[in-house]
Amino acid sequence: MTAEDKTRLAALLDTSGDFLRDEHWREREAPLFEDDAADSVAQTAMGAGGDSLETIAADVRECRVCGLCGLRILPVPGEGVRQPLVLVIGEAPGSEEDERGKPFVGAAGRLLDRMLASINLSRTTNCFITNTVKCRPPGNRDPSPQETAACAPFLARQIRILRPAYILCMGRIAAQTMLRTSEGIGRLRGKFFDYTPDCPLDNAVIAPIPLIATYHPSALLRDANLKRPAWEDLKTLLAHIQP
Ligand code: SF4
């Protein structure tokens, strides 16, 4: 809202209050207002260096930096809201994601949506969902360290623009990549870490982001025994979001 709009609104409220009180208009000094910062959507969509989610998605579509580019049908930059409460990071696109260019749309994606919904999260209202690598590794193998490193600048740029309040890593690869560790998911899941974003473009200082990891929904589909600990992890995240 502009300062002029705010001044008009304040005058209208004052006048209405006066007439409701005693039908007598009072002389008063107009308060000073400032324009709001730029539109919040534009603000988060456009980073300090002129970067934007759209630019990143376009760059991902053009990317030929690692060998996965020659094997993909569609790259999968990610999707969700522009000011996410939670940034959900998976490993890499699977076959259905590869065909549709959207993250987490297969059976694991449907389970992820249900997991998020159980703690009032959704890719349409308060989350952004992406992966550590944006193109599908063949045969659903793990992305190699070289592929993950090659793709890391895209994720760093996304985080720099999205500025999520929390990061939720789904599975071992995402957790190990974000936390730069080789620890197993059994040790990494269910507790908070501080993730300090890389700012490769402008060296901006971004406050550490609380990060928690849990099992990948694909793992839950393979082993139902993991559902209970995953639920505990989600409740831990919820307790932070809604203390
Ligand atoms: Fe580029 Fe990442 Fe795709 Fe490799 S996985 S081609 S680095 S977008």
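Refer to the structure above for everything that follows.
Because the structure is predicted, anything quoted here is derived from the model rather than measured.

Engineer: I would appreciate a short explanation of the sheet that holds strand β1 (residues 79-80) in the present structure.
Structural biologist: Working definition: the strands of a sheet are paired by backbone hydrogen bonds and lie parallel or antiparallel to each other. Reading across the sheet, the six strands line up as β1-β3-β2-β4-β6-β5 and stay open at both edges, with mixed pairing between neighbours. Of all strands in the sheet, those bounded by a partner on one side alone are β1 and β5 (192-195). With two bridges joining them, β1 and strand β3 (residues 127-131) adopt antiparallel strand pairing. Across the sheet, the residue bridging to E79 is I129, located in β3. Helix α6 (residues 145-162) rests against β2 (86-90), β3, β4 (166-170), β5 and β6 (209-214) of the sheet, and its axis sits at about 170° to β3.

Engineer: I tried to follow a positive patch on the surface on my own but got confused; where do I start?
Structural biologist: Together, R100, R110, R114 and K227 give the surface a local cluster of positive charge. The partly exposed category is assigned to R100, whose relative accessible area is 48%.

Engineer: Is there a simple way to explain the packing of helix α3 (residues 53-62) against α6 in this structure?
Structural biologist: When two helices pack together, their arrangement is given by the angle between the helix axes and by the axis-to-axis distance. Orientation of α3 relative to α6, taken along the N-to-C sense of each, is 170°, at an axis distance of 10 Å. Taken together, the axes of α3 and α6 lie roughly antiparallel to each other. Between α3 and α6, the residues in contact are L53, T55, I56, D59 and V60 and F154, R157, Q158, I161 and L162, respectively. Taken together, the residues of the contact of α3 with α6 sort by class into six nonpolar, two polar and two charged.

Engineer: What am I meant to see in helix α5 (residues 107-117) here?
Structural biologist: Each turn of an α-helix holds 3.6 residues, which means side chains three or four residues apart point in the same direction. Among the residues making up α5, those that are buried are A108, G109, L111, L112, M115 and L116. Viewed along the axis of α5, the buried residues span an arc of 160°, placing them on a single side of the element. Elements in contact with the buried residues of α5: β2, β3, β4, α9 (217-222) and α10 (227-241).

Engineer: Explanation requested: unusual backbone geometry in the structure shown.
Structural biologist: Residues apart from glycine generally show negative phi values, whereas peptide bonds are mostly found in trans. Phi at N120 takes a positive value of approximately 65°, unusual for a residue other than glycine. Looking at where N120 falls in the secondary structure, it is placed in the loop between α5 and β3.

Engineer: I'm lost on the site of the ligand in this one. Help?
Structural biologist: Taken together, C63, C66, L68, C69, R72, K134, C135, A150, C151 and F154 are the residues near the ligand. By residue class, the composition of the shell around the ligand is eight nonpolar, no polar and two charged.

So, how was this worked out
Residues numbered from 1 in each chain as written. Predicted model: local features only at pLDDT ≥ 70, side-chain atom pairs only at ≥ 80, totals over all residues. Heavy atoms only, no water. Pairing = 2+ DSSP bridges. Helix = DSSP H or I, 4+ residues; strand = E, 2+ residues; numbered from the N terminus. Contact = heavy atoms within 4.5 Å. Axes fitted to C-alpha atoms, helices over the stretch in contact; angles between N-to-C directions. Patch = residues over 30% accessible without salt bridge, like charges linked within 9 Å, V, L, I, M, F, W, Y side chains within 5 Å. Areas by Shrake-Rupley, 256 points an atom, 1.4 Å probe, with all protein chains shown as cover. Salt bridge = Lys/Arg side-chain N within 4 Å of Asp/Glu carboxyl O. Lys, Arg positive; Asp, Glu negative; His and termini not counted. Charge placed at Lys NZ, Arg CZ, Asp CG, Glu CD. Buried < 20%, exposed > 50% of the residue type's maximum accessible area, 1.4 Å probe, protein only. Parallel < 35°, antiparallel > 145°, perpendicular 65-115°, else oblique. Nonpolar A, V, L, I, M, F, W, Y, C, P; charged D, E, K, R; others polar. Arc of directions from axis to C-beta. Near = heavy atom within 4 Å.

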